[in-house]
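# Tertiary structure, described
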Amino acid sequence: MARTRPHTARNRAAVGFLLPFCVLFLTTFVAPICYAVHQSLFRVERKGALGLGGETEVFAGLSNYTHALEDSQFLAGFGRVLLFGVVQVPVMILLATVLALLLEAASARGVVFFRTAFFLPYGVPGVIASILWGFLYVPGISPIVEMLDGAGLDVDFLSDGTLLWSIANIVTWEFTGYNMLILISQLKAVPDELYEAARIDGANAWQVAVRIKLPLIRPALVLTTVFSIIGTLQLFSEPLVLKPLTGNIDTGYTPNVHAYNEAFGANNYHVAAAEAVLLAVVACVLSFGFMRLVGRRGKVGDE
Amino acid sequence: MSAAETTETAETVGTGAEDAAARRARRRGGPGGAPLRFRIITMSLLTVAALYFLVPVYWLLVSSTKSSSDLFGTFGFWFADPRPLEYLGDLLTYDDGIYLRWFANSVLYAGVGAAVATLLSAAAGYALAKFDFRGREAVFNVVLAGVLIPGTALALPLYLMFSEVGIANTYWAVLVPSVVSPFGVYLCRIYAVASVPDSLLEAARIDGAGELTVFRVLVLRLMSPALITVFLFQFVHIWNNFFLPLVMLSDSDLYPITLGLTSWQGYADRQPLLYQLTVGGAFVSVLPLMILMVVLQRYWRTGLTEGSVKS
């Protein structure tokens, strides 16, 4: 891009354009993080016999963090979302990629219909999708369970062993189309001549897809994967909505559910703050780690 | 004709019908002129996927016409005594029409939130793309890091902060965080780099236009495809958001529709009518967004990765 000479009036304009966003960004992103870090370093101390002498906040060092990290339920929740992510994210991204490539290759009638059909679930809020799939999982109301039963298959979607994957199915259903759309928009940005050249060189559809299209949509693949990793760590509404339907979801099913219950169930804001900080740290470590792993920082600084 | 197609066609020789069909398919030309076998596989896979994505929506449509007892007593994939208007009436009048109130709240949160977020993102993205000032890259990198922060990790401390200044459990508690979209700034920046020519800006300035006029008249117009994309993404993001309002709001009059329906679902085992209302309410609530997505489909495709490839 062209660089113009620094100019006071122009600098003032730049500040004017940036300021409203930056003020709100500081308020709703930077300040909460600082506040959470601060809160996580204190604890409430009750004075007097029976703790009736009032409360004071005292510096607690890292004790809230050790408390959180020694909580086996919190750790189990982390383990659960990591397992979830290791399986669900690749499956969903693979599915999105295959659908994007098929839609690109088909270029026949019906493409608009299929694209819309795949994308439609993205317009269904996570909680509504969970309510919806919940009805499709519960025996007695679910036509799917009824049909499987009729075929002699006794399937329990909400058992201890299957529940996590039933949730994975809800998330996959919701977001595959969204990820597919991001991949398609990057595919569309690839000049057609590139495909033509490859075809003339004797590449078949499969080779064009794997050797040319996949490397070209790599930035979009990285982007969608990073977003999916962050989304996985935030898992909340699906287990919350399914909770009344099954006894297999405890108050620490995911780290987020645990932090929420810690704050609003146990009124233990300081530990909840420590858990929120841990969650953010893990999210950043995993997303940066992934971007490192794939060798470049996504599309950042691509211009 | 490409070499690949020749081999594929050679393979299908043998059954005359297949051969003819392949030739017909090829004659349609373009990249769609792939061999018949390939097209059949593609179409079958696409159809299976479409079934997966649409069947739950179909179930919701069918079930929204059922009473609570029919929900449990009849086969889920087919209608039973549909009385959509009566049930719609039940939905809209229950609890003094609280459903409509939730709906209006969602429209307010998502509409106002996304509009303000788009404007703020456009201004910030434009400044980061077209002005040269010290610390520009630092600002951009901090904003980008914001994309990686899980929103739910922010919601809890934000609630504590908002409680202290007394705006928890108000419209502001949901609206203020909703107008900030780091991803929107990112999109606007790459789009501005790619689609707002410096020469045009210079020309406008030489003509005596002030910076604000340049932005309002020229930049916003040039960036409009990206702005619609940012607006749509933010609208859906706010509309679908559950954790933030859950944490912030305790007064059910302020609930968006996601929170309201979940509260109904939670009470349903005590009051069976709520099963019918939850399912019907869910169906009515997803309609506007689905219509929005279908009608504005082309905007979901543009702007997203623009610039990253062009430059």
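The following refers to the structure shown. (Residues numbered from 1 in each chain as written. Chains lettered and ligands numbered in written order. Predicted model: local features only at pLDDT ≥ 70, side-chain atom pairs only at ≥ 80, totals over all residues.)

### Some thoughts on the overall build of chain A
Looking only at helices and strands, one finds 13 helices and two strands in chain A. The C-alpha atoms of chain A give a radius of gyration of 24 Å, which is well past the 19 Å a tight globule of 303 residues would have. Dimensions of chain A, computed from the C-alpha atoms along their principal axes, are close to 85 × 75 × 30 Å. The 303 residues of chain A split such that 44% are buried. Look at the contacts in chain A between residues 6 or more apart in sequence, and 69% of them connect residues 24 or more apart. (Helix = DSSP H or I, 4+ residues; strand = E, 2+ residues; numbered from the N terminus. Rg over C-alpha atoms; globule rule 2.2 N^0.38 Å. Buried ≥ 20, exposed ≤ 12 C-beta atoms within 10 Å, placed from the backbone. Contact = placed C-beta atoms within 7 Å.)

### Here we look at the overall build of chain B
Broken down by element type, chain B carries 15 helices and zero strands. Across the 311 residues of chain B, 45% fall into the buried class. Pairs at least 24 apart in sequence give 71% of the contacts found in chain B among residues at least 6 apart.

### Section: the environment of Leu132(A)
One can find Leu132(A) in helix H5 (residues 126-137). Considering only alpha carbons, one finds Leu132(A) and Ile170(A), 38 residues apart in sequence, at a separation of 9.3 Å. If near-sequence neighbours (up to four positions away) are discounted, Leu132(A) is found in contact with Pro56(B), Leu60(B) and Ala282(B).

### Re the packing of helix H1 (residues 8-40) of chain A against helix H5 (residues 84-130) of chain B
At their nearest, the axes of H1(A) and H5(B) sit 8 Å apart, and the two run at 130° to each other. As judged from the angle between their axes, H1(A) and H5(B) are oblique. Crossing geometry of H1(A) relative to H5(B) is assigned as left-handed. Between H1(A) and H5(B), the contacting residues are Ala14(A), Phe17(A), Leu18(A), Pro20(A), Phe21(A) and Leu24(A) on the first element and Leu120(B), Ser121(B), Ala123(B), Ala124(B), Tyr126(B) and Ala127(B) on the second. A breakdown of the residues in the contact of H1(A) with H5(B) according to their chemical character gives eleven nonpolar, one polar and no charged. (Axes fitted to C-alpha atoms, helices over the stretch in contact; angles between N-to-C directions. Parallel < 35°, antiparallel > 145°, perpendicular 65-115°, else oblique. Left-handed = near helix turned anticlockwise from the far one by under 90°. Nonpolar A, V, L, I, M, F, W, Y, C, P; charged D, E, K, R; others polar.)

### Structural notes on unusual backbone geometry
Residues and elements named next belong to chain B. The backbone of Asp96 sits at a positive phi, close to 60°, despite the residue not being glycine. Along the chain, Asp96 falls in helix H5. You will see that Asn169, though not glycine, has its phi angle at about 60°, which is positive. Looking at the secondary structure, you find Asn169 in the loop between helix H7 (151-165) and helix H8 (171-178).

### Brief notes about the environment of Ile98(B)
Locating Ile98(B) in the fold gives a position in helix H5. Spatially, the C-alpha atoms of Ile98(B) and Ala226(B) are 36 Å apart, while their sequence positions differ by 128 residues.

### Points about the interface of chain A and chain B
Contacts between chain A and chain B engage 91 residues on the former and 87 residues on the latter. The element contributing the most residues to the side of chain A that touches chain B is H1(A), with 17 residues. By residue class, the composition of the side of chain A that touches chain B is 64 nonpolar, 19 polar and eight charged.

### Examining the nonpolar core
A general tendency of soluble globular proteins is for nonpolar side chains to be buried together. Within the largest apolar cluster, 170 residues are counted, with the highest numbers of intra-cluster contacts made by Leu183(A), Ala276(A), Tyr126(B) and Cys188(B). By residue number, the principal contributor to this core is H5(B), which donates 16 residues. Split by domain, the residues of this core number at least three in each of domain 1 (3-63) and domain 2 (84-300) of chain B. In contact with Ala276(A), other than residues within four places in its own chain, are Ala36(A), Ala259(A), Ala153(B), Leu156(B) and Pro157(B). (Core = buried A, V, L, I, M, F, W, Y, C linked by C-beta atoms within 7 Å. Domains from an automatic or database assignment.)

### Side note on the environment of Leu222(B)
Residues and elements named next belong to chain B. For Leu222, the position within the fold is in helix H11 (residues 211-222). A residue is classified by how many C-beta atoms lie within 10 Å of it, and Leu222, with 18 of them, is partly exposed. Aside from chain neighbours lying at most four places away, what touches Leu222 is Ser195 and Val196.

### Details of helix H12 (residues 255-265) of chain A
Most of H12(A) sits out of view: eight of its eleven residues are buried. Residues of H12(A) that are buried include every one of Pro255(A), Asn256(A), Val257(A), His258(A), Ala259(A), Tyr260(A), Glu262(A) and Ala263(A), and no others.

Worth remembering: the numbers are spatial, not functional.
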